[in-house]
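Observations on the three-dimensional arrangement
Residues per chain, in single letters:
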Amino acid sequence: MGRWLALALLIIVLDQLTKLYFNTAFQYGERLNVLPFFDFTLVYNRGAAFSFLASEEGWQRWLFTGLGCVAAVVIIWMLRRTHGQPRFSLALTLILGGAIGNVIDRVVYGHVVDFLLFYWNDWQFPAFNLADVGISCGAVLLVLDELLRARKPQA
């Protein structure tokens, strides 16, 4: 379990270092074009994924902080019970690192710091951060793990 927690810690550290960089090097709303479809930017999200509940009065900060903490406790409990399932453990670890990274933002700043922006012409995907990448990759890996497990012949 130690290696999974070490990986989660690495994700948290990289997430927080990149957020600190963009929070200090950029002004809110500033964009730096990197590719014809990708910019670095600095925006804040007071809600959850896709700015869900972002326009509320502030109570959502503590709701999402609490949910992130509960998720972290459940994931750590699951990691302790998971042996011999590296794909499943990796998925949980990615989600754990991302969840804690975003909880730290909510506690410290009152919002999540986002800085990666993909777009095409007038369409743009909501800005996100490395914690979100961890959560998303972990979720995809969980689905893949379940699909592969379901296809395994039963003995």
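Higher on the page you've got the structure.
Heads up: these notes are all about the structure in this document. Predicted model, so just to flag it, every value in this text is computed and none were measured.

What follows deals with the sheet that holds strand E4 (residues 123-124). Strand order in this open sheet of 4 strands is E1-E2-E3-E4, and the pairing throughout is antiparallel. Both edges of this open sheet fall to strand E1 (31-35) and E4, since each of them pairs with a single strand only. Across 4 bridges, E1 lies against strand E2 (residues 38-45) in antiparallel orientation. Bridge pairing links Asn33 to Asp39 in E2.

Attention now goes to unusual backbone geometry. A negative phi holds for most residues other than glycine; trans holds for most peptide bonds. At Asn121, a position not held by glycine, the phi torsion is positive, near 55 degrees. Mapped onto the elements of the fold, Asn121 is located in the loop between strand E3 (112-120) and E4. Taking the relative accessible area as the measure of exposure, Asn121 reaches 67% and is therefore exposed.

You can see Gly110 is positioned in the loop between helix H3 (86-108) and E3. Residue classification places Gly110 among the buried residues on the basis of a relative accessible area of 11%. Along the sequence, Gly110 and Tyr44 sit 66 residues apart, while their C-alpha atoms lie 9.3 Å from each other.

Calculation rules
- Residues numbered from 1 in each chain as written.
- Predicted model: local features only at pLDDT ≥ 70, side-chain atom pairs only at ≥ 80, totals over all residues.
- Heavy atoms only, no water.
- Pairing = 2+ DSSP bridges.
- Helix = DSSP H or I, 4+ residues; strand = E, 2+ residues; numbered from the N terminus.
- Buried < 20%, exposed > 50% of the residue type's maximum accessible area, 1.4 Å probe, protein only.

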